[in-house]
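The lines below spell out each chain.
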Amino acid sequence: MNNTWLVAVFGVMLNTQAFAVTIDEMRGEQAPYAQAFKALDSDGNGKLSKKEATKDKDIKNAFSRADKNHNGSLDQDEFAAYKSKVDGAENKQAAADSAITAKIKSKYLVEKNLSSFKISVETKDNTVILSGFVDSAEQKARAEKIATSVDGVKSVKNALVVKP
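All of the points below concern the structure found in this document. These numbers come from a predicted model, not from an experiment.

Let us now look at a nonpolar patch on the surface. Taken together, the side chains of Leu109, Val110 and Phe117 make up a nonpolar region of the molecular surface, amounting to roughly 420 Å² of accessible area. Relative to the assigned elements, Val110 resides in helix H5 (residues 76-110). On the accessibility criterion, Val110 (69% relative accessible area) is exposed.

Overall, mixed pairing links the 3 strands, which are arranged S3-S4-S5 in an open sheet. Both outer strands of the open sheet, strand S3 (119-124) and strand S5 (155-162), are each paired with one neighbouring strand and no more. Averaged over neighbouring strand pairs, the angle between their axes works out to 10° when direction is ignored. Bridge count between strand S4 (residues 127-134) and S5: 8 bridges; the pairing is parallel. Bridging across to S5, Ser131 finds its partner in Ala159. Strands S3 and S4 of the sheet are contacted by H5, whose axis makes an angle of about 155° with S3. Along the sheet face, helix H6 (residues 137-149) touches S3, S4 and S5 and points at about 160° away from the line of S5.

With 13 residues, H6 ought to run about 18 Å at 1.5 Å a step, and its terminal C-alpha atoms sit 18 Å apart, in line with that. All buried positions along H6 are accounted for by Gln139, Ala143, Ile146 and Ala147. Along the axis of H6, the buried positions cluster into a sector of 95°, meaning they face one direction only. The exposed residues of H6 that point more than 90 degrees off its buried face are Glu138 and Lys145. Close packing links the buried residues of H6 with H5, S3, S4 and S5.

As a working rule, side chains carrying opposite charge can pair if their charged atoms are close by. Inspection of every chain in the model, using the stated rule, returns 4 salt bridges. The closest approach of N and O atoms between Lys83 and Asp58, which form a salt bridge, is 2.7 Å. Note that Lys83 is positioned in helix H5 and Asp58 in the loop between helix H3 (50-53) and helix H4 (63-66), a separation of 25 residues in sequence. As far as the burial class goes, Lys83 and Asp58 line up, both buried.

Right, let's talk about the pairing of S4 for a bit. The side chains of a regular strand alternate between the sheet's two faces. Judged from the 6 bridges that link them, S3 and S4 form a sheet pairing that is antiparallel. Within S4, the position partnered with Thr123 by the bridge is Val128. Connecting S3 to the next strand, S4, in antiparallel fashion are 2 residues, including Asp125 with a positive phi near 55°.

Reading the values: rules and limits
- Counting from 1, residues in each chain are numbered in the order their sequence is written.
- Side-chain atom pairs in this predicted model are given and counted only at pLDDT of 80 or more, local residue features only at pLDDT of at least 70, and totals for whole chains, interfaces and linings cover all residues.
- Note: side-chain values were computed over all heavy atoms of the structure, leaving out hydrogens and water.
- Candidates for patches are residues over 30% relative accessible area with no salt bridge; among them, like charges are joined within 9 Å and nonpolar side chains (Val, Leu, Ile, Met, Phe, Trp, Tyr) within 5 Å.
- Computed with a 1.4 Å probe, the accessible areas rest on the Shrake-Rupley method; for each residue, only the protein chains presented here act as cover.
- Should a side-chain nitrogen of Lys or Arg be within 4 Å of a carboxyl oxygen of Asp or Glu, the pair is scored as a salt bridge.
- Where helices and strands are cited, they refer to DSSP runs of H or I of at least four residues and of E of at least two residues respectively, numbered from the N terminus.
- Categorising residues by exposure relies on relative accessible area from a 1.4 Å probe, with only protein chains included: less than 20% of the type maximum marks a residue as buried, more than 50% marks it as exposed, and the intermediate range marks it as partly exposed.
- In this analysis, strands are considered paired if DSSP registers two or more bridges between them.
- A fitted line through C-alpha atoms serves as each axis, taken over the contacting stretch for helices, and the angle formed by two N-to-C directions is quoted from 0 to 180°.
- The contact rule is simple, with two residues in contact once any of their heavy atoms fall within 4.5 Å.
- Here, expected helix span is obtained from the residue count minus one, scaled by 1.5 Å.
- This arc is taken over the directions from the axis of the helix to the C-beta atoms.

Here is the structure:
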């Protein structure tokens, strides 16, 4: 009975994955960038002029870097390649920021005289922002010192408030 259930679940998983691929193939797009490319291609010629492309925030100041063949326009592959590179860099930074936040929070958890539940830690581009409430100036300073000690932290903005 259990083997039948496992085979059925596995079969459904395989069919679902095949179905998802079939949908992408039916669209004939290089998702997720095809729609953005089409939206920017105002004259519908299948290429983005510099004027069209710079309406995209990522390409606005980087058109020449995205134009790999230096022909003064971007085809869909050049657009998708550049957007993918930008998205990859943003995802890598977000992962690094999340790791920094997690390391700081874990250090706060083992700190004896520091209530980690009252301290919010946010990280953006390796800059840490501490907010919330602590019971003393010493705890505020200690929280900042711990955050500063974590690898990858560029700076710490300590907005912790000492609760009277």
